[in-house]
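Chains, contacts and geometry: an overview
These are the residues of each chain, in order.
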Amino acid sequence: MFSKEGVEMVEVKSIQRKDDTLVMKGKVMGSMATTILIRPEDCWQALQLLGWRTLLRLPLILFRGYRQAARSN
């Protein structure tokens, strides 16, 4: 994840599921290793932040990301 200036803020190494919680491992600001726990209610709140128009467009965003990643490999 990058800031609008292009500075890397969070480097996500992995996202795994442990019971009902998502466990995200990565680095913050390029140096501080971190483990972030994302609970089901956090996922729901994140979806509410997106809004319906963005939610409906999410499959297209994911598909475009897939195509760009496939081209770079």
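The coordinates are above.
Residues numbered from 1 in each chain as written. Predicted model: local features only at pLDDT ≥ 70, side-chain atom pairs only at ≥ 80, totals over all residues. Heavy atoms only, no water.

A few points about the overall build of the protein
Helix and strand counts for the protein stand at two helices and three strands. Taken from N to C terminus, the helices and strands of the protein fall in the order β-β-β-α-α. For a compact globule of 73 residues, the expected C-alpha radius of gyration is about 11 Å, and the protein comes in at 14 Å, more than 25% above that figure. Considered along the principal axes of its C-alpha atoms, the protein spans approximately 35 × 30 × 25 Å. The buried share among the 73 residues of the protein stands at 7%. Relative to all contacts within the protein whose residues are 6 or more apart in sequence, the contacts with residues 24 or more apart total 0%. In the form shown here, the protein has an accessible surface area of approximately 6600 Å², with 59% of it arising from carbon and sulfur atoms. (Helix = DSSP H or I, 4+ residues; strand = E, 2+ residues; numbered from the N terminus. Rg over C-alpha atoms; globule rule 2.2 N^0.38 Å. Buried < 20%, exposed > 50% of the residue type's maximum accessible area, 1.4 Å probe, protein only. Contact = heavy atoms within 4.5 Å. Areas by Shrake-Rupley, 256 points an atom, 1.4 Å probe, with all protein chains shown as cover.)

Quick word on the layout of surface pockets
Taking a probe equal in size to a water molecule and rolling it over the atoms shows the remaining empty space. In this structure, the largest pocket occupies an estimated 210 Å³ of space. Every residue along the wall of the largest pocket is listed here: Met 1, Val 12, Ile 15, Leu 22, Ile 38, Asp 42, Cys 43 and Ala 46. Where the lining of the largest pocket is concerned, the elements lending two or more residues are strand S1 (10-18) and helix H1 (40-50). For the lining of the largest pocket, the residue count by class is seven nonpolar, no polar and one charged. (1 Å grid on protein atoms, 1.4 Å probe; cavity = no way out; pocket = protein on both sides within 12 Å on 5 of 7 lines; lining within 4 Å. Points joined across faces, edges and corners; volume = space filled by probe spheres on them. Nonpolar A, V, L, I, M, F, W, Y, C, P; charged D, E, K, R; others polar.)

Some points on the environment of Ser 31
The residue Ser 31 is located in the loop between strand S2 (21-28) and strand S3 (32-38) in this model. Since its relative accessible area comes to 60%, Ser 31 is described here as exposed. In this structure, the C-alpha to C-alpha distance between Ser 31 and Met 9, residues 22 residues apart in sequence, is 10.0 Å.

A word on a positive patch on the surface
On the surface, a cluster of positive charge is contributed by Arg 57, Arg 64, Arg 67 and Arg 71. Among the secondary structure elements, Arg 64 is positioned in helix H2 (residues 52-72). The partly exposed category is assigned to Arg 64, whose relative accessible area is 45%. (Patch = residues over 30% accessible without salt bridge, like charges linked within 9 Å, V, L, I, M, F, W, Y side chains within 5 Å. Salt bridge = Lys/Arg side-chain N within 4 Å of Asp/Glu carboxyl O. Lys, Arg positive; Asp, Glu negative; His and termini not counted. Charge placed at Lys NZ, Arg CZ, Asp CG, Glu CD.)

Digging into H2
Over its 21 residues, H2 extends 31 Å from the first C-alpha to the last, a length consistent with the 30 Å expected when each residue adds 1.5 Å. Roughly 45 degrees is the biggest bend found in H2, and it falls at Leu 58, with proline Pro 59 one to four residues downstream. (Expected span 1.5 Å × (residues − 1). Bend = angle between axes of the 7 residues up to and from the residue.)

As for the pairing of S3
Of the strand pairs in this sheet, S2 and S3 are connected by seven bridges, and their pairing is antiparallel. Bridge pairing links Val 23 to Leu 37 in S3. The hairpin formed by S2 and S3 contains three residues between the paired strands, and Met 29 there has a positive phi angle of roughly 55 degrees. (Pairing = 2+ DSSP bridges.)

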